[in-house]
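Here's the letter readout for the chains.
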Amino acid sequence: MDEVTTGSEARQIVRRARCAGCSIGLVPTMGYLHEGHLSLVAAARQETDLVVTSIFVNPTQFGPNEDFERYPRDMERDRQLAAATGTDLLVVPSGTEMYPDGPQGQRVWVEPGPLAKYLCGASRPGHFRGVATVVAKLFAMLEPDRAYFGEKDFQQAAIIRRMARDLGFPVEVRTVPTVREASGLARSSRNVYLSGEEREQASVLRAALLEAAGNIAAGERDPSALEAAIRSRIASGAPAARVDYVSVVDAQTLQPLEGYIERDVLVALAVYFGGTRLIDNITVSP
Ligand code: AMP
């Protein structure tokens, strides 16, 4: 595995591979790799010739009171995991490589549009603008044919797919199912913040989403009833939880439903355990 820190070194390797007829797969991450990230690497490994994993904790997608400073980092472990699971090129750009004038000096941004209006976009103002901008930078730097994103961050993947389409990046956005712990809890770098008790309670999030999917299968079509049932399941199963949002939205537009469920929906939630914000979702066809 090669490892580089600058765009020009990365581009040299990527372009050489492309000239040799190789396709390029990109897995953008913020590091502290876990099995969720590694399943994206595995998908890229299967579908493309040169697998590029990037690690960059992107300051512009964190709000002023969020966990940018204390976001978990372990470069040595990440390097070993990335290499062991089939990464060919590890790109670890510096802050100034990604933001030449610093994050505060960035003047041109990618506005994520209406897909960012609800769900995490509503709770974390500016978050998806930071995400879309940094991913656009990575696309420009690494010129991937395919880029891999997790369904856990469903809204993020939808925004990136739309960005690629609207800005004409010649990249196919691929999504990979959420990897979970045995309890059902979605794997996340942030799970490391959870106490044992919180981690146990957090498994109720998946259970509540599955229950909602079951209710839809059984004929429930009222989004408010579904949201209420999820909230009450969380309240009883996880007393330490504080719900940020529970929302049933159109799976295409990510807009809250006006009336009853008629098309595919995304049931999504964000819940705090102490200072740790966890998200999860499920897509359901009525
Ligand atoms: P992050 O490092 O948290 O920014 O995540 C980098 C990529 O990994 C994103 O596309 C995430 O959606 C994806 N990802 C994170 N957790 C999981 C998971 N549990 N299963 C699948 N993909 C994941």
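Everything numeric in this text was worked out from a predicted model, so none of it was measured.

(A) Inspection of the overall build of the protein chain at higher detail. In terms of regular secondary structure, the protein chain is built from ten helices and nine strands. Rg of the C-alpha trace for the protein chain: 19 Å, near the compact-globule value of 19 Å for 286 residues, within the 12% margin. When each of the 286 residues of the protein chain is scored for burial, the buried share is 50%. For the protein chain, the exposed surface amounts to about 13100 Å²; the carbon and sulfur share of it is 48%. Charge centroids of the protein chain, computed over 31 positive and 36 negative side chains, lie 2 Å from each other.

(B) Seen up close, the site of the ligand. Within the structure, the ligand sits among 17 residues, and Met30, His37, Asp153, Val179 and Arg187 are positioned closest to it. One nitrogen or oxygen atom from the main chain of Val179 is found 2.8 Å from a nitrogen atom belonging to the ligand. Out of a free accessible area of 480 Å², the ligand has 93% covered by protein chains. Split into classes, the residues belonging to the shell around the ligand amount to seven nonpolar, seven polar and three charged.

(C) Looking closely at the pairing of strand 9 (residues 276–284). Of all nine residues in strand 9, eight are buried, a share of seventy percent or more. Sheet topology note: the strand 8 (residues 265–273)/strand 9 ladder contains nine bridges and is antiparallel. What sits directly across from Val265, in strand 9, is Val284. Counting the residues between successive antiparallel strands, the hairpin from strand 8 to strand 9 contains two residues, one of them, Gly274, with a positive phi of roughly 60 degrees.

(D) Highlighting unusual backbone geometry. Positive phi, close to 55 degrees, is recorded for Leu119, a residue that is not glycine. Accessibility expressed as a relative area gives 7% for Leu119, which makes it buried. Even without glycine at this site, Glu143 takes up a positive phi of about 45 degrees. Here Glu143 shows up in the loop between helix 6 (127–142) and strand 5 (146–150).

(E) Expanded view of the sheet that holds strand 1 (residues 2–4). If you trace the six strands from one edge of the open sheet to the other, you get 1-4-3-2-5-6, paired in parallel fashion. Each end of this open sheet is capped by a strand with a single partner; those strands are strand 1 and strand 6 (172–176). Along the sheet, successive strands turn relative to each other by an average axial angle of 25 degrees, direction set aside. Sheet topology places strand 2 (residues 24–29) next to strand 3 (residues 50–55); six bridges connect them, and they run parallel. Bridge pairing in strand 3 places Pro28 opposite Ser54. In this fold helix 7 (residues 154–167) packs onto strand 5 and strand 6, with an angle of close to 170 degrees to the strand it touches most, strand 6.

(F) Here's a closer look at the pattern of salt bridges. Under the defined criterion, the tally for this structure stands at 19 salt bridges. A salt bridge links Glu35 to Arg187; its shortest N-O distance comes to 3.9 Å. Separated by 152 residues along the polypeptide, Glu35 in helix 2 (residues 35–47) and Arg187 in the loop between strand 6 and helix 8 (196–202) bring together distant segments of the chain. For the salt bridge of Glu111 with Arg129, the shortest nitrogen-to-oxygen distance reads 3.9 Å. On the criterion of sequence distance, the pair formed by Glu111 in the loop between helix 4 (95–98) and helix 5 (120–123) and Arg129 in helix 6 is long-range, its members being 18 residues apart. Owing to a relative accessible area of 30%, Arg129 belongs among the partly exposed residues under this scheme. One salt-bridge network, held together by shared partners, links Glu47, Arg146, Glu172 and Arg174.

(G) A look at the packing of helix 9 (residues 204–217) against helix 10 (residues 223–237). Direction vectors running N to C along helix 9 and helix 10 enclose 150 degrees, while the axes themselves pass 9 Å from each other. In terms of orientation, helix 9 lies roughly antiparallel with respect to helix 10. At the point where helix 9 passes helix 10, the crossing takes the right-handed sense. Between helix 9, through Val204, Leu205, Ala207, Ala208, Glu211, Ala212, Asn215 and Ile216, and helix 10, the contact on the second element is made entirely by Leu226, Ala229, Ile230, Arg233, Ile234 and Gly237. Residues belonging to the contact of helix 9 with helix 10 are distributed by class as follows: ten nonpolar, two polar and two charged.

(H) A look at the packing of aromatic side chains. Enumeration over the complete set of coordinates arrives at four aromatic pairs. Ring plane angle 75 degrees and centroid distance 5.8 Å describe the contact between Phe62 and Tyr71, whose orientation is recorded as edge-to-face. Note on Phe139 and Phe169: the rings are 5.4 Å apart at their centroids and 70 degrees apart in plane angle, and the pair reads as edge-to-face. Residue Phe139 is located in helix 6, and its partner Phe169 is located in the loop between helix 7 and strand 6; the two are separated by 30 residues in the primary sequence. Chaining the aromatic ring pairs together yields one cluster made of Phe62, Phe68 and Tyr71. Cation over ring: Arg77 sits above Tyr32, and NZ or CZ is 5.3 Å from the ring centre. Over the aromatic face of Tyr99 sits the side chain of Lys137, whose NZ or CZ is 4.4 Å from the ring centroid.

Cut-offs applied
Residues numbered from 1 in each chain as written. Predicted model: local features only at pLDDT ≥ 70, side-chain atom pairs only at ≥ 80, totals over all residues. Heavy atoms only, no water. Helix = DSSP H or I, 4+ residues; strand = E, 2+ residues; numbered from the N terminus. Rg over C-alpha atoms; globule rule 2.2 N^0.38 Å. Buried < 20%, exposed > 50% of the residue type's maximum accessible area, 1.4 Å probe, protein only. Areas by Shrake-Rupley, 256 points an atom, 1.4 Å probe, with all protein chains shown as cover. Lys, Arg positive; Asp, Glu negative; His and termini not counted. Charge placed at Lys NZ, Arg CZ, Asp CG, Glu CD. Near = heavy atom within 4 Å. Polar contact = N/O pair within 3.5 Å; in protein donor to acceptor, adjacent residues only side chain to side chain. Nonpolar A, V, L, I, M, F, W, Y, C, P; charged D, E, K, R; others polar. Pairing = 2+ DSSP bridges. Axes fitted to C-alpha atoms, helices over the stretch in contact; angles between N-to-C directions. Contact = heavy atoms within 4.5 Å. Salt bridge = Lys/Arg side-chain N within 4 Å of Asp/Glu carboxyl O. Parallel < 35°, antiparallel > 145°, perpendicular 65-115°, else oblique. Left-handed = near helix turned anticlockwise from the far one by under 90°. Phe/Tyr/Trp six-rings, centres within 6.5 Å; stacked < 30°, edge-to-face > 60°. Lys NZ or Arg CZ within 6 Å of the ring centre and 35° of its normal.

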